[in-house]
Amino acid sequence: LTLYAPNVFSPDGDGTNDFFAFKGQGVENYSLEIYNRWGQRIVESDKNIAWDGKNCQPGIYLVNIFVKNNRYVRTVTLIR
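K.L.:
Break down the pattern of salt bridges for me, citing the residues and quoting the values.
P.N.:
For the structure shown, the criterion picks out 2 salt bridges. Salt-bridge contacts for E33 lead to R41; the nearest nitrogen and oxygen are separated by 3.6 Å. Among the ionic pairs, R41 bridges to E44, the shortest N-O distance being 3.7 Å. Relative accessible area serves as the criterion here: at 53%, E44 is assigned to the exposed category. Residues joined in a network through salt bridges with shared partners are E33, R41 and E44.

As structure tokens, this is what we get:
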């Protein structure tokens, strides 16, 4: 299993890096949890989604990606 998750995205509508999404070889289904810097869960999904950063401030967010009963932890920086 190979995962690629960007560490920065910019949901500013310019068509480049507007969503946080990851790619993976051998990944068909996944779920996400995204937390703000205060530890509040702001996104929870049991379906394959891309996060649009809507209503979120610029900053660093913790991302839990669950694939095939494994948990992968990443951080992502949202910039505007």
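Let's pick the thread back up.
K.L.:
Can you explain the nonpolar core? Please cite residues and give values.
P.N.:
Counting residues in each nonpolar core, the largest one holds 18 residues, and the members touching the most others are F20, F22, W51, Y61, V63 and V76. Of all elements in the fold, only β4 (31-35), β6 (59-67) and β7 (70-78) reach the threshold of two or more residues within this core. Of the residues forming this core, the biggest block, 4 residues, is contributed by β6. Excluding residues that lie within four positions of it along the chain, F20 makes contacts with A5, P6, F9, A50, W51, V63 and V76.

K.L.:
Could you give me a rundown of the packing of aromatic side chains, with the residues and numbers involved?
P.N.:
Counted according to the given criterion, the structure contains 4 aromatic pairs. Between W51 and Y61, the ring centres sit 5.2 Å apart and the planes meet at 75°, which makes this aromatic pair edge-to-face. In this pair, W51 sits in the loop between β5 (41-45) and β6 while Y61 sits in strand β6, placing the two residues 10 residues apart along the sequence. Each member of the aromatic cluster is reached from another via a ring pair, and the members are F9, F20, W51 and Y61.

K.L.:
Break down the pairing of β5 for me, citing the residues and quoting the values.
P.N.:
Where β4 meets β5, 4 bridges bridge the pair, whose relative direction is antiparallel. In the strand pairing of β5, L32 is matched with S45. What sits between β4 and β5 in their antiparallel hairpin is a turn of 5 residues, with G39 showing a positive phi close to 80°.

Calculation rules
- Residues numbered from 1 in each chain as written.
- Predicted model: local features only at pLDDT ≥ 70, side-chain atom pairs only at ≥ 80, totals over all residues.
- Heavy atoms only, no water.
- Salt bridge = Lys/Arg side-chain N within 4 Å of Asp/Glu carboxyl O.
- Buried < 20%, exposed > 50% of the residue type's maximum accessible area, 1.4 Å probe, protein only.
- Core = buried A, V, L, I, M, F, W, Y, C linked by side-chain atoms within 4.5 Å.
- Helix = DSSP H or I, 4+ residues; strand = E, 2+ residues; numbered from the N terminus.
- Contact = heavy atoms within 4.5 Å.
- Phe/Tyr/Trp six-rings, centres within 6.5 Å; stacked < 30°, edge-to-face > 60°.
- Pairing = 2+ DSSP bridges.

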